[in-house]
Number of protein chains: 2
Amino acid sequence: MVAPQNFLDFIDKNQDKFIDRLAEAVAIPSISGDASRREDVKKMASWLEAQLNKYGVKTQQVPLGQQHLEGKTLDLPPAILGRIGDDPNKKTVLVYGHFDVQPANKSDGWDTEPFKLHVDKRTGKMFGRGATDDKGPILGWLNVLETHHTLGLALPVNMVFCFEGMEESGSEGLDELIATEAQKGKQGWFGDVDCVCISDNYWLNTRTPCVTYGLRGIAYYQITISGPGSDLHSGIYGGAVFEPMTALITLMSKLVAIDGHILIPGVYDGVSAADADELKRYSELDYGVNDLESAAGGPVANSDDKVTVLMARSRNPSLSLHGIEGAFSGGGAKTVIPATVSGKFSLRLVPPQTPEDITKKVISYIESEFAKLGTKNTCKVEFLHGGKPWVADASHWSYEAAKQATEAVYLTTPNYTREGGSIPVTLTFADNLGVNVLLLPMGRADDGAHSTNEKMDISNFIKGSKLLDMIL
Amino acid sequence: MVAPQNFLDFIDKNQDKFIDRLAEAVAIPSISGDASRREDVKKMASWLEAQLNKYGVKTQQVPLGQQHLEGKTLDLPPAILGRIGDDPNKKTVLVYGHFDVQPANKSDGWDTEPFKLHVDKRTGKMFGRGATDDKGPILGWLNVLETHHTLGLALPVNMVFCFEGMEESGSEGLDELIATEAQKGKQGWFGDVDCVCISDNYWLNTRTPCVTYGLRGIAYYQITISGPGSDLHSGIYGGAVFEPMTALITLMSKLVAIDGHILIPGVYDGVSAADADELKRYSELDYGVNDLESAAGGPVANSDDKVTVLMARSRNPSLSLHGIEGAFSGGGAKTVIPATVSGKFSLRLVPPQTPEDITKKVISYIESEFAKLGTKNTCKVEFLHGGKPWVADASHWSYEAAKQATEAVYLTTPNYTREGGSIPVTLTFADNLGVNVLLLPMGRADDGAHSTNEKMDISNFIKGSKLLDMIL
């Protein structure tokens, strides 16, 4: 739907106010993976709820139970459910977002304090943890709500909100909530939802807006090798004992080849090759290997072919080695034989891969490779969390609305993309509500979600807010 | 020389006072590898100097220049030189020790606070960082000095002391100091030294005292692989980029086999096989694979043969993988592709290996293996620090004195051992002063130097103090 001009003007005029609100949100270090920050995640939930209430959204904080983290039992942060509008003649759109963030410390390499939004008007960029993942997009919806509320304009749809505070830590508790609400049917919050809209991914480049109809799944693992009762001095024991690091590094070296090919037997089973149509779709996208390398900040692409690179990051599975817990990780030169080490890695999944099937293959492969080593150390392989991959029908009316809104705001046709990252909740909504899900990213490819110097461009924040309104 | 009975009685009677002094020393977190603890290392130097002065030792704090650590320029901790006695008719013994310690945090897995000496009278063990490495042994000498001083007994030898605060961080500045003092001849602190005694290693087991006539050297390396400009999200980039962790893990997997065999070509060049005599010497030691495993706290020995295990940890080279800097090292499941990762490993060296020769082989091998990978990431191999191996003449008079003192205090013949750890200063003294060096350990095999719950047995501390006196 085309937004009235006074709506667009209001957004432009209130740009600074909207940025101030983003700064307020970024200032709350709502890190879901850090037990010591749990109160900040709850604070963020309450902050968000208050904002929604201000613009007429009825809300509920839903407790999601408890979790064990870093040896403590903690309350999970609540989910915030909300609704505005109840007109049976209007469509109902469910908006999902998450208000928790990844960890960040200035010492990780940030140029500015990660939890103090740094607005660089010269470059038009706003730096801060959560600026793009996912506080910026959530606040885009607040901008839409404030604008309608202040101008007295009715929303063209009924809106339902589902915001969570555990997305960066496996969305604990959310699947159950969505399933429960879905089962309640008309009695629940999600009863009459016609479509779900999620802004938690990124453009393919730094120029072209996109709509996203596919996501890779994820399966995250930990291999723990144990040996001595405690860390040993490498001078005293080196050479005479089976060292857990030697076994772990050997196992980790057998997971993925340097070119990214996954070495776990059977992992590619059923993954189809792209046909001519699909290859054509990738070749038509506004994208180049340069976009990848400039976003990544270095000449790191493992192919010079645009289509190969696009497929590698979105429609083929991948495996990344993330690190090792328990080994020496500081600066300098510590002569330790670590007693227990846990190697972390994850696979990105595409249809028909599922975490369950891949987990069987991963565990069986690693256990068999470990058995070959003949060490007296012990090995445990754990599946830490996962989510299925997802591909939607990109010809659905919600995608058509997104395309038209993009053309109106950005004056260009969007890229139609499949995204490499996982947003497991996408599939949970699709499966439980049986409706189409639309992924409509707000940020650019170089935003640096999960990384140092995470940012959102001011223009993406402002135009993105207009776009969100215009798809309604 | 046999110590007078009143000397031995004094030590027994003052046990608690000596333990209190060790607690004072442990309470100063003199971590040389941590820039933020540099003042504590200096404080420890002054504490030690004051103790020496109290018992009639003339001392000098010798500045050793500066170093760059964690982006800062810091003063190196001073060395403490000292002397007591100037009788040309007596032999002069130089005692070396170090007052710095390895890092330690309770959260690493300590049962008690690492910098608060925990004395468990029931088990007779004293837990704390530095208890055995190397504050306990240093304080053994203070016990000897205090006893002689209080009882008015002249020392049977002239004594020279050389204590440093950088042993755990490559002994920066010390080689130059020793070389300078050695060049000064009679005008320097070390002019008339007849023998050097160092207590900075460990018994082979938990029962039998030993004297040590050999040490392995060390060569410590870091492989740094860089790619993207900053850490990347594995969902967005995984599959499309060359990941530094994949290259690093691959390279690290090519360094050492699971059984401890080093895979770097040429690394064993010139290392002789043990002849029948040497094998016999190992077979006669009071030691079993059980000793190794009980000290290590787990069934981790890579051979069931006592001689093989002894040789593996003391007279053969070894390679340990210590960890990775820059990768994800926390708990939980972070989906990061680390941008720059540094793998740490070190070799323990035996004659005729030298750090210089091994470094050439290590760098050439890793660079050639890296070239084979065909990644667009970059690789840098750095030698961080090293020290040559050392083997002494175990029939020297100082060894004979140590044997007799051990028989008098412990009522048993000592094990004659080669030690797996490196104490590079041993070789510096041997080379610069041209005298014999005696290694006379105070602690047991299970003391856990560099590890969590480092300890010293009370009986080792007290009998060890008597032993130090009786070798004089």
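Everything quoted here is computed from the prediction, not taken from an experiment. (Residues numbered from 1 in each chain as written. Chains lettered and ligands numbered in written order. Predicted model: local features only at pLDDT ≥ 70, side-chain atom pairs only at ≥ 80, totals over all residues. Heavy atoms only, no water.)

Some remarks on the layout of surface pockets
Put simply, the test is: Space inside and on the surface of the protein is sampled on a 1 Å grid over the protein atoms alone, with a cavity defined as a set of points where a 1.4 Å probe fits but cannot get out and a pocket as an open set with protein on both sides within 12 Å along at least 5 of 7 lines; lining residues have an atom within 4 Å of a point. Grid points are joined across faces, edges and corners, and a volume is the space filled by probe spheres set on the points. Put simply, DSSP H or I for four residues or longer makes a helix, DSSP E for two residues or longer makes a strand, and each gets a number counted from the N terminus.
Estimated volume of the second largest pocket: approximately 1500 Å³. Along the wall of the second largest pocket there are 50 residues; nearest its centre are P103 of chain A together with F328, G330, G331 and K334 of chain B. When contributions to the lining of the second largest pocket are tallied by element, the ones reaching two or more residues are strand 2 (66-69) and strand 16 (378-387) of chain A. Broken down by element, the residue count for the lining of the second largest pocket peaks at 3 residues, all from strand 2 of chain A.

Considerations on the interface of chain A and chain B
Defined as follows: We call two residues in contact when some of their heavy atoms are within 4.5 Å. Note: buried area is the sum, over both parts, of the accessible area (probe 1.4 Å) each one loses when the two are combined. The term salt bridge refers to a side-chain nitrogen of Lys or Arg lying within 4 Å of a carboxyl oxygen of Asp or Glu. We call two N or O atoms a polar contact when they sit within 3.5 Å, provided that within protein one can donate a hydrogen and the other can accept it, with sequence-adjacent residues counted only if both atoms are side-chain atoms.
With 85 residues of chain A in contact, the opposing surface of chain B contributes 85 residues. Carbon and sulfur atoms supply 55% of the area that chain A and chain B bury against each other, a total of about 6800 Å² over both sides. The interface formed by chain A and chain B includes 2 salt bridges. Among the ionic pairs, K376 of chain A bridges to E293 of chain B, the shortest N-O distance being 3.0 Å. At the junction of chain A with chain B, the criterion picks out 49 residue pairs in polar contact (both at pLDDT 80 or more). No other element matches the 8 residues that strand 13 (residues 318-325) of chain A contributes to the side of chain A that touches chain B.

Topic: helix 10 (residues 306-314) of chain A
Using the following cut-off: The classification of residues rests on relative accessible area computed with a 1.4 Å probe and restricted to protein chains. Under 20% of the type maximum is buried, over 50% is exposed, and intermediate values are partly exposed.
Burial analysis of helix 10 of chain A places 7 of its 9 residues in the buried class, which makes it a mostly covered element. Listed as buried for helix 10 of chain A are V307, V309, L310, M311, A312, R313 and S314 of chain A. Buried residues along helix 10 of chain A sit against helix 8 (276-284), helix 9 (289-296) and strand 18 (415-419) of chain A together with helix 6 (234-237) of chain B.

Comments concerning the pattern of salt bridges
All names here are of chain B. As enumerated under the stated definition, the model contains 58 salt bridges over all chains in all. Note that E369 and K254 form a salt bridge whose closest N and O atoms lie 3.8 Å from each other. Here the residue E369 occupies a position in helix 11 (residues 355-373), and K254 occupies one in the loop between helix 7 (244-252) and helix 8 (276-284), the gap between them amounting to 115 residues. For E369, a relative accessible area of 10% corresponds to the buried category. Taking the relative accessible area as the measure of exposure, K254 reaches 29% and is therefore partly exposed.

Here's the deal with the domain arrangement of chain A
All names here are of chain A. For clarity, the cut-off: An automatic or database domain assignment provides the domain bounds reported here. Ten residues, namely Ala, Val, Leu, Ile, Met, Phe, Trp, Tyr, Cys and Pro, are considered nonpolar, four, namely Asp, Glu, Lys and Arg, are considered charged, and the remaining ones, Gly among them, are considered polar.
If you check the domain split of chain A, you get domain 1 (5-216 + 389-470) and domain 2 (217-271 + 316-387). Here domain 1 and domain 2 have C-alpha centroids that lie 34 Å from each other. On the side of domain 2, 11 residues touch domain 1, which itself brings 9 residues to the contact. A combined buried area of about 750 Å² lies between domain 1 and domain 2, and 62% of that area is made up of carbon and sulfur atoms. Considering only the side of domain 1, the residues that lose the most area to domain 2 are R216, P389 and S422, jointly responsible for 68% of the buried surface there. Counting across the interface, domain 1 meets domain 2 through 0 salt bridges. Of the residues contributing to the side of domain 1 that touches domain 2, the split by class is 4 nonpolar, 3 polar and 2 charged.

Quick notes on the packing of aromatic side chains
Here the distance between the centres and the angle between the planes together describe a pair of aromatic rings. Here is the rule: Only Phe, Tyr and Trp rings take part, Trp by its six-membered ring, and two of them pair if their centres are within 6.5 Å. Stacked means planes under 30 degrees apart, edge-to-face means over 60, and tilted covers everything else. Each ring is checked for a lysine NZ or an arginine CZ that lies within 6 Å of its centre and within 35 degrees of its normal; such an atom marks a charge sitting over the ring.
One pass over the full model with this rule turns up 12 aromatic pairs over all chains. Aromatic side chains Y221 of chain A and F383 of chain A sit 5.7 Å apart centroid to centroid with 55° between the ring planes, which places their arrangement in the tilted category. With a gap of 162 residues between them, Y221 of chain A in strand 11 (residues 217-226) and F383 of chain A in strand 16 connect regions that are remote in the sequence. Exposure remark for Y221 of chain A: the relative accessible area of 0% places this residue in the buried category. Of the residues examined, F383 of chain A reaches a relative accessible area of 36% and is grouped as partly exposed. Taken together, the ring pairs in this structure connect Y96, F190 and F429 of chain A into an aromatic cluster. Just above the ring of Y237 of chain B sits the side chain of R313 of chain A; from NZ or CZ to the centre is 5.9 Å.

Quick look at the pairing of strand 19 (residues 436-439) of chain B
Residue and element names in this part refer to chain B. Filter applied, for reference: Any two strands with at least two DSSP bridges between them are considered paired.
Neither face of strand 19 is open: one carries N436 and L438, the other V437 and L439, and all of them are buried. As paired elements, strand 9 (residues 195-198) and strand 19 share 4 bridges and run parallel to each other. Residue pairing across strands places C195 opposite N436, the latter belonging to strand 19.

Topic: the relation of the copies chain A and chain B
Stated formally: Least squares is the method for superposing the copies, and the C-alpha atoms it fits come from residues with pLDDT of at least 70 in both.
For the match of chain A to chain B, the screw axis carries a shift of 0.1 Å, the RMSD comes to 0.1 Å, and the turn is 180°. These values place the two chain copies in the arrangement generated by a two-fold rotation axis.

Quick notes on the packing of helix 5 (residues 174-184) of chain B against helix 13 (residues 424-433) of chain B
Residues and elements named next belong to chain B. Rules: For helices, the fitted line uses only the C-alpha atoms of the stretch in contact; every axis is such a line through C-alpha atoms, and the angle between N-to-C directions lies from 0 to 180 degrees. Every angle not falling under 35 degrees, over 145, or within 65 to 115 is termed oblique; those three ranges are roughly parallel, roughly antiparallel and roughly perpendicular. When the near helix sits turned anticlockwise from the far one by under a right angle, the crossing is termed left-handed; a clockwise turn instead gives a right-handed crossing.
Contact geometry for helix 5 and helix 13: axes closest at 10 Å, N-to-C directions at 20°. Taken as axis vectors, helix 5 and helix 13 run roughly parallel relative to one another. Seen from above, helix 5 lies across helix 13 with right-handed handedness. Contact residues: helix 5 offers L174, D175, I178, A179 and A182, while helix 13 offers V425, T428, F429, N432 and L433. Looking at the contact of helix 5 with helix 13, its residues break down into 7 nonpolar, 2 polar and 1 charged.

Concerning the sheet that holds strand 15 (residues 340-349) of chain B
All names here are of chain B. Pairing in this open sheet of 4 strands is antiparallel, and the strands run 13-15-11-16 from one edge to the other. Whereas interior strands pair on both sides, the edge strands pair on one side only; in this sheet they are strand 13 (318-325) and strand 16 (378-387). Ignoring which end each strand starts from, the neighbouring axes of this sheet average 20° apart. The sheet strands contacting helix 11 are strand 11 (217-226), strand 15 and strand 16, and the helix crosses strand 16 at an angle near 165°.

A closer look at the environment of G434 of chain B
Note that G434 of chain B resides in the loop between helix 13 and strand 19. On a C-alpha basis, the gap between G434 of chain B and V193 of chain B in space is 9.5 Å, while along the polypeptide they are 241 residues apart.

Remarks on the packing of helix 12 (residues 397-410) of chain B against helix 14 (residues 458-471) of chain B
Residue and element names in this part refer to chain B. One can describe the packing of helix 12 onto helix 14 by two numbers: an axis separation of 9 Å at closest approach and a directional angle of 135°. By the criterion of interaxial angle, the relationship of helix 12 to helix 14 is oblique. Here helix 12 runs over helix 14; the crossing is right-handed. Contacts between helix 12 and helix 14 involve A401, A402, A405, T406, A408, V409 and Y410 from the former and S459, N460, K463, G464, K466, L467, M470 and I471 from the latter. Residues that form the contact of helix 12 with helix 14 fall into these classes: 9 nonpolar, 4 polar and 2 charged.

Comments concerning the pairing of strand 11 of chain A
Residue and element names in this part refer to chain A. The buried fraction of strand 11 is high, at 9 of 10 residues. Judged from the 9 bridges that link them, strand 11 and strand 16 form a sheet pairing that is antiparallel. Paired with Q222 across the strands is E382, a residue of strand 16.

What to know about the environment of K380 of chain A
All names here are of chain A. Within the element layout of this structure, K380 appears in strand 16. In this structure K380 comes out as partly exposed when scored by relative accessible area, which is 46%. Distance in space between the C-alpha atoms of K380 and C197 is 39 Å, their sequence separation being 183 residues. When near neighbours in sequence (up to four residues on either side) are disregarded, K380 contacts Q222, I223 and T224.

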